[in-house]
Amino acid sequence: MEVVQVLCMKGGNGDTSYAKNSLLQKKVISLTKAIIEETVTNLCCNNFPTSLCIADLGCSSGPNTFFAVLEVVSTVDKVGKKMGHRLPEIQVFLNDLPGNDFNTIFKSLPKFQKDLQKTTGAVAESCFITGVPGSFYTRLFPRKSLHFVHSSYGLQWLSEPKIVPPGLESNKGNIYMASSSPPSVLKAYYEQFQSDFSMFLRCRSEELVEGGIMVLTFLGRRSDDPSSKECCYIWELLAVALTDMGRIEEGKMDSFNIPQYTPSQGEVKCEIEKEGSFTVNGVEVSEVNWNAYEGELCPSDAHKDGGHNVAMLMRAVAEPLLVSHFGDGIIEEVFSRYKTIVADRMSKETTEFINVTVSMTKRG
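A brief look at the structure comes next. Everything quoted here is computed from the prediction, not taken from an experiment. (Residues numbered from 1 in each chain as written. Predicted model: local features only at pLDDT ≥ 70, side-chain atom pairs only at ≥ 80, totals over all residues. Heavy atoms only, no water.)

1. What about the overall build of the protein?
Item 1. Looking only at helices and strands, the protein has 12 helices and 7 strands in total.
Item 2. Looking at the 364 residues of the protein, the share that counts as buried comes to 57%.
Item 3. In the protein, the proportion of contacts linking residues at least 24 apart, taken out of those at least 6 apart, comes to 85%.
Item 4. Counting every atom, the protein has about 15,700 Å² of accessible surface; 50% of that belongs to carbon and sulfur. (Helix = DSSP H or I, 4+ residues; strand = E, 2+ residues; numbered from the N terminus. Buried < 20%, exposed > 50% of the residue type's maximum accessible area, 1.4 Å probe, protein only. Contact = heavy atoms within 4.5 Å. Areas by Shrake-Rupley, 256 points an atom, 1.4 Å probe, with all protein chains shown as cover.)

Structural data, given as structure tokens:
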């Protein structure tokens, strides 16, 4: 089955939905606030626009969808007021794959409009929202139509479900790159990332105006080793949970590969420089605890359990992929086991996700 058909976060507003289990992703966006403010300020100060087109790629659904958009629009408003300008008309494109829960996004639009008016004083008619279903590894917009592109935790996902070439039996027992994976498996993943990211850059270089800006955040790594624990451990533990169930056929397990590559900052910069359409303004690496509620006020007793929080986070992300391959009969058991396994590991070691954020400007 094609990735575009099954790669989506779990929709709706239920207890296991992405909307209810994406605090971590919101924290990651918050970490980039200073970068977004700086780049948008530079964009607007050079030549304050009369209208502005913004695209959020891999927008998913739930409360985070409008979080970054509101930050961009608020910054434009602040810069404009300093320069004596009113907020320009802003067109916002929200993009994700066709399977994304766009209905939940549109239902939350009235709240965004209220937040916008409260933050900027702008009426709803000054900000136009459009959903754009499709893969960001293809062209999505007319030439030279965008001023600002944002993407957070989208570009580590790859376009191909069959990353490990047929006949490679040596990645047995793994659902992703792992410390036991041979070099050929790591090479297959890296080459798919190179192909996908270079295609993404070529498409956006056509769509952005000269001087247009992108701020992209990847789930990434600090290490030069793509099979290092800091980027693969979370999936290794899910593989353990699947194996421990004892009822998944070996062939079914071995044919499942998570379509994701978590790049280092060096790999991201290398592809940008190789493609040649953009100037890198800066790259930052940050981290966030696996348990998004660490140090936070927990909304329920269940959220005091770090294993529960991580299992719910990963279920909201991975359930559609798992169901498409293994069926929905395994979901409750596998994430119950996963919760216990993760809680045990988190009690013994520091567990963090690494984020790589890059800001770049379209060359003339």
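2. Remarks on the sheet that holds strand S1 (residues 51-57)
Item 1. Sheet architecture is open: 7 strands sit in the order S3-S2-S1-S4-S5-S7-S6, paired in mixed fashion. Either end of the sheet is taken by a strand with one partner, and the two such strands are strand S3 (127-133) and strand S6 (278-289). Each adjacent strand pair in this sheet contributes to an overall mean axis angle of 15 degrees, direction not counted.
Item 2. Note that S6 and strand S7 (residues 352-362) share 11 bridges and pair antiparallel. Residue pairing for S7: valine 285 is matched across the bridge by valine 356. (Pairing = 2+ DSSP bridges. Axes fitted to C-alpha atoms, helices over the stretch in contact; angles between N-to-C directions.)

3. With respect to helix H4 (residues 65-82)
Item 1. Burial analysis of H4 places 14 of its 18 residues in the buried class, which makes it a mostly covered element.
Item 2. Two residues or fewer after H4 comes glycine 84, characterised by a positive phi angle close to 80 degrees.

4. Some points on the pattern of salt bridges
Item 1. Under the definition given, this model contains 16 salt bridges.
Item 2. Across the pair glutamate 191 and lysine 187 runs a salt bridge, and its minimum N-O distance is 2.7 Å. Pair noted here: glutamate 191 and lysine 187 are both in helix H7 (residues 183-207), with a separation of 4 residues, about one helical turn.
Item 3. Overall, glutamate 191 belongs to the partly exposed group, its relative accessible area being 40%.
Item 4. With a shortest N-O distance of 2.7 Å, arginine 204 and glutamate 207 are connected by a salt bridge. Of this pair, arginine 204 and glutamate 207 both sit in helix H7, separated by 3 residues, roughly a single helical turn. This pair shows no difference in class: arginine 204 is buried, exactly as glutamate 207 is.
Item 5. Three or more residues are tied together by salt bridges with common partners; here these are Arg139, Arg204 and Glu207. (Salt bridge = Lys/Arg side-chain N within 4 Å of Asp/Glu carboxyl O.)

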